[in-house]
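# Reading the structure
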Amino acid sequence: MSQSNTRYPKDRFAPRPEDHFTWGLWTVGNTGRDPFGLAVREPMSAAKIVRELSQLGAYGVNLHDEDLIPFDATAGERDRILREFKGALSETGMKVPMATTNLFSQPVFREGAFTSNDAGVRAFALQKTMRSIDLGVELGATTYVFWGGREGVETNACKTPQDGIKRFREAMNFLTSYVRDNKYNLKFALEAKPNEPRGDIFLPTTGHMLAFIYTLEHPEMVGVNPEVAHEQMPGLDFSHAVGQALEAGKLFHIDLNGQKPGRYDQDLRFASEDQKGAFFLVKLLEDARWDGMRHFDSHAYRTEDERGVWDFAYASMRSYNILKDKVAKFHADPEIREILRALEQRGTTPVAGVGPGVKYDRALATTLKAHAFDAGKLGARGYDYERLDQLTTEVLLGVR
Ligand code: GCO
Ligand code: MN
Ligand code: MN
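Predicted model, so just to flag it, every value in this text is computed and none were measured.

### What about the pairing of strand β1 (residues 21-24)?
Residues in a regular strand point their side chains to alternate faces of the sheet. Here β1 shows two buried faces, one formed by F21 and W23 and the other by T22 and G24. Two elements, β1 and strand β10 (residues 294-296), share three bridges in a ladder whose sense is parallel. Residue pairing for β10: W23 is matched across the bridge by F296. With three bridges joining them, β1 and strand β2 (residues 60-64) adopt parallel strand pairing. Following the sheet pairing, G24 is matched in β2 by N62.

What follows is the structure in structure tokens.
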């Protein structure tokens, strides 16, 4: 990389390996091809991506099998690519914490992979995934992502959602058993997306995925990989999805990016849209001391050449650290603290025997039923949230 330090300053917001920022090879490696236009950037080798990201301060890279080894590679090509890639990893100290399977690009998956109506396709998808799991484990991955981009329908006439879900469950059960049988240290993270490329994808949100996980043979091995853009496509609050996963101990991975509401998946630079949403997300992860990878699943504007791609990558990580700093400012702000302290008190002082962690017992139920509430008084008092939100906004806008 020939960029100067003024372009990528090494100040307190600069990404460092201990921040655990990771990138999909497919993200910075995106060549800008879209349904309307050809590639605008040259493909980059995985080894080059590793070296460039390492210089920017990233911790590691993640990959689909085909990001590293082309679908039709010969054994010799495979060995050469792997050797180069591993060389770049050991030279830079970069890690591969997550791997996944491409079950969407090849024509064979035009009707789905694990959920296809064709048993041959389902078998092939399992084979491809087992081989890709082997590769991921060889590279050190401990998380394995499943994003079922083709697991859905354009027409409901072809299969029922129950069939789709049953087949997806059979595949997950098969593969968790494969991992156990091989004594791999690997957890699965399921990534939801409501539509695209399929018209409607099964298990369309993180909430659907969470409910599904508890129907599996080894739910303890399976969590979720929520993506900002995917939860915002159907207009949902991303941090609520992440919060539910955190609360359930199921946040195994995360895909950070940016998205305008009501659009197809945009995979924009993290915090380039909806900075307030991004702030609450960072606050959620940092306040929970979540120890997972801060992974980016996004790509640079099609307008950019290679330099623009590195600008985009550095900026994504930098914005995360800037928001982390804003979170510290939020917690240190005396007026915000005062409002939160008052709220805390209001929420923890028991009323009629009911406080935090309330549990049913018959005596309590009897007193509670008999208690004379002044609902008028309870409802009359405001909560100060206009002020709280404005103070938060001012922290974000940099005037506090
Ligand atoms: C998307 C998806 C994908 C997956 C990735 C991992 O942008 O629609 O997020 O990028 O995350 O393929 O399987
Ligand atoms: Mn996406
Ligand atoms: Mn994703």
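### Here we look at the layout of surface pockets
The calculated volume of the second largest pocket comes to roughly 500 Å³. If you trace the second largest pocket, you find 25 residues lining it, with D237, S239, G277, F280 and L281 closest to the centre. At the level of elements, α8 (228-232), α9 (238-247), α10 (275-287) and α15 (385-397) are the ones that each hand at least two residues to the lining of the second largest pocket. At six residues, α10 tops the list of elements feeding residues into the lining of the second largest pocket. In terms of residue class, the lining of the second largest pocket is made up of 13 nonpolar, eight polar and four charged.

### Considering the site of ligand 1
Looking at ligand 1, there are 13 residues lining it, with H64, E191, K193, E227 and D297 nearest. H230 is positioned with one of its side-chain polar atoms (N or O) 3.3 Å from an oxygen atom of ligand 1. A distance of 2.9 Å separates an oxygen atom of ligand 1 from a polar atom in the side chain of D267. Taking 330 Å² as the accessible area of ligand 1 by itself, protein coverage stands at 93%.

### Thoughts on the coordination of the manganese ion (ligand 2)
Summarising the metal site, the manganese ion (ligand 2) is bound by the protein donors E227 (OE), H230 (NE2), D265 (OD), D265 (OD) and D267 (OD), whose distances to it range over 2.0 to 2.7 Å. Around the manganese ion (ligand 2), the six donor atoms are arranged such that angles at the metal cover 51 to 155 degrees; this shape is classified as irregular. One chain supplies every donor to the manganese ion (ligand 2), and in sequence these donors are spaced E-x2-H-x34-D-x1-D. Between the manganese ion (ligand 2) and the manganese ion (ligand 3), the interatomic distance is 4.3 Å, and E227 donates to each metal, bridging them. Of this pair, H230 sits in helix α8 while D265 sits in the loop between β9 (255-256) and α10; the two residues are 35 residues apart in sequence, bridging distant segments of the chain. Accessibility expressed as a relative area gives 2% for H230, which makes it buried.

### Some details on a nonpolar patch on the surface
A surface patch of nonpolar side chains, amounting to about 360 Å² of accessible area, comprises V351, L368, F373 and L378. Within the secondary structure, L368 sits in helix α13 (residues 362-370). A relative accessible area of 31% places L368 in the partly exposed class.

### Focus: the domain arrangement of the chain
Under the domain assignment used here, the chain contains domain 1 (5-330) and domain 2 (333-397). Distance from the C-alpha centre of domain 1 to the C-alpha centre of domain 2: 39 Å. Between domain 1 and domain 2, the residue contacts involve seven residues of the former and eight residues of the latter. Overall, the association of domain 1 and domain 2 removes approximately 720 Å² of surface from exposure, summing both partners, and the carbon and sulfur fraction of that is 69%. Among the residues domain 1 hides against domain 2, the three largest losses belong to K276, K326 and F330. Together they make up 71% of the total. Inspection of the region where domain 1 meets domain 2 yields one salt bridge. Across the pair K276 and D389 runs a salt bridge whose closest N-O atoms are separated by 2.9 Å. Those elements that place two or more of their residues in the side of domain 1 that touches domain 2 are α10 and α11 (306-332).

What counts, and at which threshold
- Residues numbered from 1 in each chain as written.
- Chains lettered and ligands numbered in written order.
- Predicted model: local features only at pLDDT ≥ 70, side-chain atom pairs only at ≥ 80, totals over all residues.
- Heavy atoms only, no water.
- Buried < 20%, exposed > 50% of the residue type's maximum accessible area, 1.4 Å probe, protein only.
- Helix = DSSP H or I, 4+ residues; strand = E, 2+ residues; numbered from the N terminus.
- Pairing = 2+ DSSP bridges.
- 1 Å grid on protein atoms, 1.4 Å probe; cavity = no way out; pocket = protein on both sides within 12 Å on 5 of 7 lines; lining within 4 Å.
- Points joined across faces, edges and corners; volume = space filled by probe spheres on them.
- Nonpolar A, V, L, I, M, F, W, Y, C, P; charged D, E, K, R; others polar.
- Near = heavy atom within 4 Å.
- Polar contact = N/O pair within 3.5 Å; in protein donor to acceptor, adjacent residues only side chain to side chain.
- Areas by Shrake-Rupley, 256 points an atom, 1.4 Å probe, with all protein chains shown as cover.
- Donors = N, O, S within 2.8 Å, 3.2 Å for Na, K, Ca; no water.
- Tetrahedral: all angles 85-135°; square planar, octahedral: opposite > 155°, others 65-115°.
- Patch = residues over 30% accessible without salt bridge, like charges linked within 9 Å, V, L, I, M, F, W, Y side chains within 5 Å.
- Salt bridge = Lys/Arg side-chain N within 4 Å of Asp/Glu carboxyl O.
- Domains from an automatic or database assignment.
- Contact = heavy atoms within 4.5 Å.
- Buried area = accessible area lost by both parts, 1.4 Å probe.

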